[in-house]
Amino acid sequence: MKQKKVLFTHGYFLDEDPKEKAIMRPYPPLGILYLSAYLESNGIQNEVFDSTFTTFEILKQYLLKEKPDIIGIYTNLMTKINVLKIIDFIKKDKELIHSKIILGGPEVKNHAHNFLKYGADVIVLGEGEETMLELVKLFCDKQNFEELKHVKSIAYIDATAQLQLTESRALLKQIDALPMPNRKKINMQLYFDVWKKHHGQSVVSVSTMRGCPYTCKWCSRAVYGQTYRRKSAKLVVDEMEYLKHTYHPDAIWFVDDVFTVSHKWLKEFADEIAERKLVFPYEIITRADRLNEEVIDLLKASGCFRVWIGAESGSQKIIDAMDRRVDVNVVREMIQLAQKKGIQAGTFIMLGYPGETTADIEETIHHLKVANPDLYTITIAYPIKGTPLYEEVESNFTVFPDWDKGTDRDIDFKRTYTKKFYEYAVRLVYNEVRYHKETLKSNTNYFLLPYLKAKSYAARGAMFLQKMKS
Ligand code: B12
Ligand code: SF4
């Protein structure tokens, strides 16, 4: 086999992202680091160009200098427009005309044909390791596109200009067999420096599970589907040990969808940590219905300092409409129990879900006041293609950008009230909840209270005006 030059990259440039620049919590692109490690362990050398701390110009110069034969690009909803710019550049430059562009990641499955028409050569659908390896081998051995039909889980355009979707590939049974992400291919120190500078501690991300067995209607499961596969606790702790000795980070963030989904696994994990005396601060995301006192004790004992508990709303009606399958009272209970046991609790809120009324928003404010999480974030609901929410609101789209000009985040649909109404509702929630928190403090700043109330009233006034328009 003739080895070709293989490069992985992604289209995320932190400098272009004002929201991220305000929070400065960047993470390395784990997906392509997994692919890089998998190829390397199968004898295929490759490089990773981590675009996070660079610019499009620097990426262009790199591509022109290296002239990779195969360029694999991670694509998600936020990076889609940049990925299109990268494709455009590669396809129009005569020095790169020979390069094959392979796209993967959560955004490509439901837009495969569009990406191909835009210039991508192959789209990898779902989990990428085995498919990428087969594609690289195929491109190294033969140049014949006819052979692509034998590679499972891809989309491409054939010689007769027809879209071809190949047979689906079974998901990897044993994710234990995967090598650790190839972090040595990128400059991890750049991430640690940013974290240290802005948050006083360096954090490294780790993935231990693939897939999620739940059904939340707005959530994209384009890559791993409604599955659940887990690395053995021993291997996860091996990775933690390796990270600790190689990079000396201050904390770990587990990017898993529902970290405590299996209590059996969690027990094994906590035991392994205890046995190796490797208690290390870590942060997770999970669901309230997968927490209880025993689980919270295991988390605490094994180093967990913060748990994010999704609920999305304080209104049971909206939680049920999302098919989130959780009881709002259990969410409150678990936020409080985690805090009581010395673990910080955060939660996510989504406003503007179909059917949400002012009464539901008031319930959410009440929920946040009662639950009193240490942290929370609010997003305005938007439909991601391929999700049940998308199908539900598709016939009611009011704003739908051209595919190559915008993302699903820019879509708007007919909600109970206008999108602007919910933007003001976000302000209302923040100010009301902050007001409440301030009143609980013994050293409250009494000038702050009327200021926050005034902001709440202003938000309510603006919501009222928007309601009139709805
Ligand atoms: C960690 C994470 C984040 C982090 C960090 C992102 C990062 N730099 O890694 C933060 C918090 C910043 C974040 C933010 C957002 N995220 Co996010 N995030 C995740 C999460 C939980 C884990 C990602 C991960 O590391 N997975 C593990 C790796 C191994 O899997 P993977 O990346 O999918 O890679 C595999 C395949 O996709 C494929 N593959 C990947 N790249 C390539 C490239 C090639 C060439 C090939 C062949 C294959 C391939 O092979 C890999 C291995 O099998 C996922 C959900 C999930 N469970 O994956 C959501 C997810 C990726 N996020 C999502 C969204 C919507 C967002 C936001 C837009 C949310 C928002 N604010 O509105 C922002 C946008 C951020 C941005 N600037 O890009 C969606 C993406 C949906 C979509 N269609 O794109 C997901 C899928 C969540 C969901 N279920 O809806 N996110
Ligand atoms: S939101 Fe979380 S629990 Fe719900 S389906 Fe998505 S990953 Fe699973």
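Look up a bit, the structure's there.
What you see is a predicted model; the values in this text were computed from it and never measured. (Residues numbered from 1 in each chain as written. Chains lettered and ligands numbered in written order. Predicted model: local features only at pLDDT ≥ 70, side-chain atom pairs only at ≥ 80, totals over all residues. Heavy atoms only, no water.)

The subject of this paragraph is the sheet that holds strand 3 (residues 70-74). Pairing within the open sheet is mixed, and its seven strands lie in the order 2-1-3-4-5-6-7. Both outer strands of the open sheet, strand 2 (47-49) and strand 7 (163-165), are each paired with one neighbouring strand and no more. Each strand of the sheet is rotated relative to its neighbour by a mean of 20°, with strand direction disregarded. The pairing of strand 1 (residues 6-10) with strand 3 spans five bridges and is classified as parallel. (Pairing = 2+ DSSP bridges. Helix = DSSP H or I, 4+ residues; strand = E, 2+ residues; numbered from the N terminus. Axes fitted to C-alpha atoms, helices over the stretch in contact; angles between N-to-C directions.)

This brings us to helix 3 (residues 56-66). Among all positions of helix 3, only Phe56, Leu59, Lys60 and Leu63 are buried. Taken around the axis of helix 3, the buried residues stretch over an arc of 100°, which confines them to a single face. Check the buried side of helix 3 and you find it contacts strand 1, strand 2, strand 3 and helix 4 (80-92). Of the residues flanking the end of helix 3, it is Lys67, one or two places downstream, whose phi is positive at about 45°. (Buried < 20%, exposed > 50% of the residue type's maximum accessible area, 1.4 Å probe, protein only. Arc of directions from axis to C-beta. Contact = heavy atoms within 4.5 Å.)

Quick look at the site of ligand 1 now. Looking at ligand 1, there are 37 residues lining it, with Leu77, Glu107, Ser220, Tyr224 and Tyr382 nearest. Within the contact set of ligand 1, a nitrogen atom lies 2.8 Å away from a side-chain nitrogen or oxygen of Glu107. In the model, a nitrogen atom of ligand 1 is placed 3.0 Å from a nitrogen or oxygen of the Asp257 side chain. Those elements that provide at least two residues to the shell around ligand 1 are helix 2 (30-41), strand 3, strand 4 (100-104) and helix 6 (129-141). Tallying contributions element by element places helix 2 first for the shell around ligand 1, with five residues. Of the residues in the shell around ligand 1, the class split is 22 nonpolar, eight polar and seven charged. (Near = heavy atom within 4 Å. Polar contact = N/O pair within 3.5 Å; in protein donor to acceptor, adjacent residues only side chain to side chain. Nonpolar A, V, L, I, M, F, W, Y, C, P; charged D, E, K, R; others polar.)

Our focus in this paragraph is the sheet that holds strand 13 (residues 304-312). Strand order in the open sheet made by the six strands is 8-11-12-13-14-15, with parallel pairing throughout. In this open sheet, the two strands that pair with only one neighbour each are strand 8 (203-206) and strand 15 (375-380). On average, adjacent strands in this sheet sit at an angle of 25° to one another, irrespective of strand direction. Pairing between strand 8 and strand 11 (residues 251-254): four bridges, direction parallel. Across the sheet, Val206 pairs through a bridge with Phe254, a residue of strand 11.

Before going further, it helps to spend a moment on the pattern of salt bridges. Two side chains that carry opposite charge are able to pair once their charged atoms sit near each other. Per the stated rule, a full pass over the model turns up 42 salt bridges. Between Lys184 and Glu40 there is a salt bridge whose closest N-O contact spans 2.9 Å. One end of the pair, Lys184, is in the loop between strand 7 and helix 7 (188-199); the other, Glu40, is in helix 2, and 144 residues separate them in sequence. For the salt bridge of Lys92 with Asp88, the shortest nitrogen-to-oxygen distance reads 3.1 Å. One end of the pair, Lys92, and the other, Asp88, are both in helix 4, four residues apart, so they sit about a helical turn from each other. With a relative accessible area of 64%, Lys92 lands in the exposed category. Through salt bridges that share partners, Lys234, Asp238, Glu241, Glu272 and Arg276 make up one connected network. (Salt bridge = Lys/Arg side-chain N within 4 Å of Asp/Glu carboxyl O.)

One can find Cys304 in strand 13. On the basis of relative accessibility, which here comes to 2%, the residue Cys304 falls in the buried class. Spatially, the C-alpha atom of Cys304 lies 9.5 Å from that of Gly342, the residues being 38 residues apart in sequence. Apart from residues no more than four positions distant in its own chain, Cys304 is found in contact with Tyr282, Ile284, Leu299 and Ile343.

This part is about the packing of helix 3 against helix 4. For any two helices packed against each other, the geometry comes down to the angle between their axes and how far apart the axes lie. Put simply, helix 3 and helix 4 touch, their axes get as near as 11 Å, and they point 35° apart. Both helix 3 and helix 4 take part in a crossing whose hand is right-handed. In this structure, helix 3 uses Phe56, Leu59, Lys60, Leu63 and Leu64 to contact helix 4, whose residues at the interface are Lys85, Ile86, Phe89 and Ile90. Partitioned by chemical class, the residues of the contact of helix 3 with helix 4 number seven nonpolar, no polar and two charged. (Left-handed = near helix turned anticlockwise from the far one by under 90°.)

Every residue lining ligand 2 is accounted for by Cys212, Tyr214, Cys216, Trp218, Cys219, Arg221, Asp257, Val258, Arg287 and Arg324. A per-class count over the shell around ligand 2 returns six nonpolar, no polar and four charged.

This paragraph deals with the side chain of His367. Summarising the element assignment, His367 is placed in helix 13 (residues 358-371). In this view, His367 contacts Ala311, Ser313, Gly314, Val328, Val331, Arg332, Ile349 and Asn372; residues no more than four positions away in its chain are not counted.

With that settled, the discussion passes to the nonpolar core. Among the nonpolar cores identified, the biggest contains 73 residues, and Leu135, Met240, Phe254, Phe259, Phe269, Tyr282 and Leu299 are the most heavily contacted of them. The dominant element in this core, judged by the number of residues it contributes, is helix 6, at seven residues. Setting aside anything within four residues of it in sequence, one finds Met240 in contact with Ile252, Phe254, Phe269, Ile273, Leu278 and Phe280. Counting 26 residues, the second largest nonpolar core, distinct from the first, contains Leu7, Ile73, Leu96 and Leu103. (Core = buried A, V, L, I, M, F, W, Y, C linked by side-chain atoms within 4.5 Å.)

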